[in-house]
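Structure at a glance
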Amino acid sequence: MAGRGRGRGKNVSFNVEALGFGRGEALPGPISQPPPLFPTADFKPVPFQQSEEYDYMLALKQEFLGNMRKSPFFLQASHKRKDIERYSDKYQAAAEVNGKWKPDWRRLPAELKPRVRKKTKSSIKPSVKVKSKVKLSVEDVSKTLEELEKKEVDQGDEEEEEEEEGGKKKEEGEVEEEEDEIYDEEDIEEETDYILSYFDNGEEYGNDDDDADEGPVY
Amino acid sequence: MATAAVKEEPIEEVDFETRFIMLCQASPEGITDNVIQKELPQCDTKQRMTIVNRLLSMGKIDLLKSGSKLLYRLKDPDSASQVKGGDNQEKLVYQIIKDAGNKGIWIRDIRFKCNLLLTQVNKILKNLETKKLIKAVKSVAASKKKVYMLYNLEPDRSVTGGAWYSDQDFESEFVEVLNQQCFKYLEQRAAAAREAKSDPIAQRNASFTPLEDVWKYISDLGISKVQLSKEDIETILNTLIYDGKVERSLVAGQATASGDGYVKLYRSVQPLIPTTGLMRMPCGACPVFDQCYEGGAVSPTTCVYMKEWLEI
Amino acid sequence: MTRRQHDVCRFLLFQQFGEQVSVVGKYLLQKSPSPLHLISSETHLDTEQVKKILCILIQQNIVTFGQHKRGFIEYSIRTGEILNRLWFPKYIYCAKTLYGDAAELLLEDVLQRGQVQMSKVIEVVMQRFNEALETSGKQKISESFVVDKFSNLVRTHFLQRCLDPIKSESNKVVGLEVTGEEETLYRLPDLSRKRKKSHDDGPPAKRSKSERPADDEGDGIFWRVNNERFHQMFRDQAIVQAISSKIDRSAGEVLRAMLRVSEVKTAGMATVTTPISVTEIFNALPKDLMARPLLETYLSLICDDSTNFLSKVGDSGGGMYSINIYEALAQLVKAHIESVVQERFGSKCLRIFRVLLLKKHLEQKQIEDFVMISAKEAKDLLYTLFSENFITTTEISKTPDHAPSRTFYLFTVNIQHVASMVLNRCYKALYNAMVKKETEVNEHRRLLDKQERMEAIAASVEDASQRDEILNTITPSEQEQIIKVRRTIQMLDHSELQICEGIFILEMYLMYFKQRQKDKS
């Protein structure tokens, strides 16, 4: 016990040789700087195992990753909006191999269904009401009623109002737009030169009639 | 007168010796030179000295000092027997050392065996050494330890380290050379077997080489200054087994002199797998692996080894 | 799940699905199961976005869900499924070697979509295949050809049905089945109603249920890849390859035949295959490969070999043989670890390591003698191995007072422990390679994109001189850099693949080891 921790005195309780240097030998030299961040490596890596199998699998791997990135499963960061339309968009859009993906709702919990709101995009695309996948909340219904009332008054302004609504809903984030990309079944992607108001897909037809016949809707 | 004196001397000397002893016996506490001079006037200094020396060496008297004078005292018989006991002790130690054979025995073990004090043992050992009956050999196991063995014995290999040690230094290069040579030989035999035989079992059997053959091959090569025994070659072949390059098989055979009734066969083998993937990139052997994390000073992006490796 | 595995999982999600998915993934890796609103709030992502992400992940079999007893739905992540994506290229390659190009395309599509309907995937594959055939001027293939390949894959269990969702009383989807009965998993929806191998023939119980009108087209039935089956295949391949390099190719073929026979007879995690008779093996071998006596020769050869893969367990039927799966895996793992020791510490350390593996417990002095190194060197090397946790010590004291000078210190190797450690290192190295590749690609993205664009444009241009002009917009120095970057990416990809081989064996071994522990207790 007496010798413990006393260092290299004359009487040490343990075998000094076990320290790695014997008595009388010099201590390892003084260290004047921190050890190098990347000391020289004694052993270099062994070269790769080359074979046709590996080459093919490499190609498969890269192809698979490439496909995954182009697939609808790959979500771009939402801020990557195109500020101006570029010529290359045409090429890149064409590269969308798998296009849209529709999840099969028979296999997924209902809560994961997106809340699709009736709105339009800012680009000149005719808005089409989404079919059975629309789950309108109460808010939406009242808004729709407002719209329909106004339609009586001014049909021409419809588009602007819808755009307004669309603007309001933009708070939800541009997420919605991407959602539409995926979940809209009948989205017409062509850019048209036609003014929207000339385009009559007949859906407003029924509404007007209703109003005319029945008066205000509750 | 002179001749008479010369002739008388030897007889007188013996007489002197006896008379000297009688004088000692007469005075147990010892006699001085003066007393001797008085009683034995014919005895001159030189003769006296001779007698004293003789008696001393025979262990019959003790030489003591009293003040400035010298005293000669007769040793009593008990202590005389102790002297003989001293001889016995020596004999005992000698016997112990002899029993240790050519492996020698460490001083501490001698002490345990004969139950003598360390100082006594040391003295006896010094004695025996001077008499050239025993010798000290440095043990290769612990460089500070010495073992004692009979003078004319050849130290056993466990002490000197055998063929692998020269002057306490382990001969690594020698071992490596032998290792490589043995392996090459076994590989040659395996290759020859593969070419000669078509049947896989025959191939396998032919690629096995008995220890005997390897020993002969190495001995014929003549790379060793010392004659290597079969056991030596066996230890070399074992290192090849531990290298993973060779495997051994025991087959029943004739009982040989070294006698266990088995023949040891060796052959070179292929590894199960080529180098594992991890070691084909720098991270495998990286010395600072544990300090590496993304965002740190050592990281995959800043890694010097990766950079070097990718550049080649 | 270790930290390193989590890192790799996160990165895989990031690579293949994007940043936001990896954020959700990271959260679920730490806190599964978790309900929707919690995920959204903790990851600070919009709920709608999270919904989408979850849909994607469920589709890809990465996330599963179930009903909490309080009624809401919880989502949990399956790390195993994410890590399995490392093997996808190998799955595809495997399908190709077994059943050809059509199967390759089938598998590619199934893997990409996660869950597919039979009709859809066949349609897609046909289109791709025929496109390629047309351009090369070959004959188009028929649908039945592709259907046939699909059936093969199902019959041999490489593809399986996705499990049906659990529905609550109100017929809402609330959870996913965890395990399916063997019979239903591999039932093809067409009229010929193929079944699994003979011994599993049960009564056609679910006949009525599956006779839904939509069944003919496979609609409503989704298919996915069966990971375990592929893993079993890889395991078998590793064993065959090992024996081929140790003995020769014919020995490998013998073992391959045996493994194929035992696929159906042996339980999944059995450490030893059920005994197989020589007759059966002979029938399973490819025709004309070898005569029966030669087969018997090889069997005894493999039995006698020091690797101990095969044992003779009986004499009926010409001899009953059994493959020692666990033993084989242990040997392979040892080989991988030894490879690490050799390349990292040198040949002398390898000797020390192997002598400890063979002799189990040794003192320092004994190690010195066996390995033939000097005491000083032994001390040095043993310390190195010890400090890196490849070897450990046990103390046996001679005296009750445990004094250091009177205690034996024995060195030993604990394979399971070392295997875990090496596995962890593999995962980290894999992660490092992936990160490095990503940074390299990002650094030079502009350049790579440019090259891609130029090549795409050049390919669409008819005129040769115009093409050259376009290609020349890339300067020679840029060209050089591009080549270098591509080479870098190639190397890193290659190293990822090769590390994965090691990971596979180590994981397999540890899995069997745990199973064995469980069986013993």
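Residues numbered from 1 in each chain as written. Chains lettered and ligands numbered in written order. Predicted model: local features only at pLDDT ≥ 70, side-chain atom pairs only at ≥ 80, totals over all residues. Heavy atoms only, no water.

Looking up chain B in an unreviewed UniProt entry gives the name DNA-directed RNA polymerase III subunit RPC6, with the organism given as Magallana gigas. Turning to chain B, the UniProt record has this under Sequence similarities (unreviewed entry): "Belongs to the eukaryotic RPC34/RPC39 RNA polymerase subunit family." Quoted straight from UniProt, the Function (unreviewed entry) entry for chain B says "DNA-dependent RNA polymerase catalyzes the transcription of DNA into RNA using the four ribonucleoside triphosphates as substrates. Specific peripheric component of RNA polymerase III which synthesizes small RNAs, such as 5S rRNA and tRNAs." (UniProt positions renumbered as here; feature names shortened; annotations may be inferred.)

In the nomenclature of an unreviewed UniProt entry, chain A is known as DNA-directed RNA polymerase III subunit of Magallana gigas. Listed under Sequence similarities (unreviewed entry) in UniProt, the entry text for chain A is "Belongs to the eukaryotic RPC7 RNA polymerase subunit family."

Below, the discussion takes up the interface of chain B and chain C. In many reports, interface size means the accessible area that the parts give up when they come together. With 46 residues of chain B in contact, the opposing surface of chain C contributes 54 residues. Of the roughly 4,400 Å² buried between chain B and chain C, counting both surfaces, carbon and sulfur atoms make up 65%. Summed over the shared surface of chain B and chain C, the result is 4 salt bridges. Measuring nitrogen to oxygen at the nearest pair gives 3.4 Å for the salt bridge that ties Glu247 of chain B to Lys246 of chain C. Counting every contact that joins chain B to chain C gives 16 residue pairs in polar contact (both at pLDDT 80 or more). Elements that contribute at least two residues to the side of chain B that touches chain C include exactly helix 8 (172-196), helix 9 (200-207), helix 11 (230-243), helix 12 (282-285) and helix 13 (304-311) of chain B. (Contact = heavy atoms within 4.5 Å. Buried area = accessible area lost by both parts, 1.4 Å probe. Salt bridge = Lys/Arg side-chain N within 4 Å of Asp/Glu carboxyl O. Polar contact = N/O pair within 3.5 Å; in protein donor to acceptor, adjacent residues only side chain to side chain. Helix = DSSP H or I, 4+ residues; strand = E, 2+ residues; numbered from the N terminus.)

What follows is about the sheet that holds strand 2 (residues 63-67) of chain C. Residues and elements named next belong to chain C. In spatial order, the strands read 1-3-2; together these 3 strands make up an open sheet with antiparallel pairing. A single partner strand is all that each edge strand has here, and the edge strands are strand 1 (34-35) and strand 2. For strand 2 and strand 3 (residues 73-77), the ladder comprises 5 bridges, and the chain directions are antiparallel. If you follow Gly66 over to strand 3, its bridge partner there is Glu74. Across the sheet, helix 2 (residues 19-30) touches strand 1, strand 2 and strand 3, and the angle it forms with strand 3 is around 95 degrees. (Pairing = 2+ DSSP bridges. Axes fitted to C-alpha atoms, helices over the stretch in contact; angles between N-to-C directions.)

The next point concerns empty space enclosed by the protein. Over the atoms, a rolling probe the size of a water molecule traces out where space has been left empty. The full count for this structure, using the stated rule, is 10 cavities of 30 Å³ or more. Size it by volume and the largest cavity reaches roughly 140 Å³. Mapped by element, the contributors of at least two residues to the lining of the largest cavity are helix 1 (52-70) of chain A together with helix 1 (3-17) and helix 20 (415-443) of chain C. Among the residues making up the lining of the largest cavity, the classes are represented as 6 nonpolar, 2 polar and 4 charged. (1 Å grid on protein atoms, 1.4 Å probe; cavity = no way out; pocket = protein on both sides within 12 Å on 5 of 7 lines; lining within 4 Å. Points joined across faces, edges and corners; volume = space filled by probe spheres on them. Nonpolar A, V, L, I, M, F, W, Y, C, P; charged D, E, K, R; others polar.)

Residue and element names in this part refer to chain C. For the pair helix 13 (residues 249-265) and helix 15 (residues 292-304), interaxial distance at closest approach is 10 Å and the crossing angle is 90 degrees. Compared by their axis directions, helix 13 and helix 15 come out roughly perpendicular. Touching Ser250, Ala251, Val254, Leu255 and Met258 of helix 13 are Leu295, Tyr298, Leu299 and Ile302, all from helix 15. (Parallel < 35°, antiparallel > 145°, perpendicular 65-115°, else oblique.)

All names here are of chain B. Burial analysis of strand 6 (residues 146-150) places 4 of its 5 residues in the buried class, the great majority of the element. As paired strands, strand 4 (residues 105-106) and strand 6 are joined by 2 bridges and run antiparallel to one another. When the sheet's bridge partners are listed, Trp106 is paired in strand 6 with Val147. Looking at chain direction, strand 5 (residues 134-138) and strand 6 are connected through 5 bridges and run antiparallel. Residue pairing for strand 6: Ile134 is matched across the bridge by Leu150. (Buried < 20%, exposed > 50% of the residue type's maximum accessible area, 1.4 Å probe, protein only.)

Formed by 186 residues in total, the largest nonpolar core has its most connected members in Tyr75, Phe150, Leu255, Ile337, Phe390 and Tyr509 of chain C. In contact with Ile337 of chain C, other than residues within four places in its own chain, are Phe353, Phe390, Ile415, Val418, Ala419 and Val422 of chain C. Core analysis: the second largest hydrophobic core is formed by 21 residues, Trp164, Phe170, Leu211 and Ile236 of chain B among them. (Core = buried A, V, L, I, M, F, W, Y, C linked by side-chain atoms within 4.5 Å.)

Our focus in this paragraph is the sheet that holds strand 2 (residues 61-66) of chain B. All names here are of chain B. Here we have 3 strands laid out as an open sheet, ordered 1-3-2, and antiparallel in their pairing. The sheet terminates laterally at strand 1 (31-32) and strand 2, the two strands that pair on one side only. Relative to strand 3 (residues 69-74), strand 1 runs antiparallel, the two sharing 2 bridges. Among the inter-strand pairings, Ile31 is bridged to a residue of strand 3, identified as Tyr72. Relative to strand 2, helix 3 (residues 45-58) is tilted by about 115 degrees, and along the sheet it contacts strand 2 and strand 3.

A word on the interface of chain A and chain C. Facing the 47 residues of chain A at the interface are 65 residues of chain C. Between chain A and chain C, the buried area comes to about 5,200 Å², and carbon and sulfur atoms account for 59% of it. Three residues stand out in chain A for area buried against chain C, namely Phe64, Leu75 and Arg107 of chain A, and they jointly supply 15% of the buried area on that side. At the boundary of chain A with chain C, the tally comes to 3 salt bridges. Residues Asp493 of chain C and Lys61 of chain A are paired through a salt bridge, measuring 2.9 Å at the closest nitrogen-oxygen approach. There are 8 residue pairs in polar contact (both at pLDDT 80 or more) connecting chain A and chain C.

The end-to-end C-alpha distance of helix 2 of chain C is 17 Å, a good match for the 16 Å that 12 residues give at a rise of 1.5 Å each. Turning to helix 2 of chain C, its buried residues number three or more, namely Gln20, Val21, Ser22, Val24, Gly25, Tyr27, Leu28 and Leu29 of chain C. (Expected span 1.5 Å × (residues − 1).)

This paragraph deals with a nonpolar patch on the surface. A surface patch of nonpolar side chains, about 210 Å² in accessible area, is lined by Val177, Leu221 and Ile223 of chain B. Within the fold, Val177 of chain B resides in helix 8. (Patch = residues over 30% accessible without salt bridge, like charges linked within 9 Å, V, L, I, M, F, W, Y side chains within 5 Å. Areas by Shrake-Rupley, 256 points an atom, 1.4 Å probe, with all protein chains shown as cover.)

All names here are of chain B. Counting all residues, the mean pLDDT for chain B is 78, and 84% of those residues have values of 70 or more. Overall, residues 1-9 carries pLDDT values under 50, and its contacts beyond four positions in sequence, including any with other chains, amount to 1 contact. For the stretch residues 79-83, pLDDT sits under 50, and the model shows 1 contact to residues farther than four places along the chain or on other chains. For this predicted complex, the interface score ipTM comes out at 0.83, alongside a pTM of 0.72. (pLDDT = per-residue confidence, 0-100.)

This part takes up the state of the cysteines. Per the counting criterion, the structure on display carries 0 disulfides over all chains. There is no disulfide at Cys292 of chain B, and the cysteine sulfur nearest it, in Cys283 of chain B, is 6.4 Å away. Looking at the unpaired Cys500 of chain C, the closest cysteine sulfur is the one in Cys426 of chain C, lying at 9.0 Å. Residue Cys500 of chain C is classed as buried on the basis of its relative accessible area of 4%. (Disulfide = S-S within 2.5 Å.)

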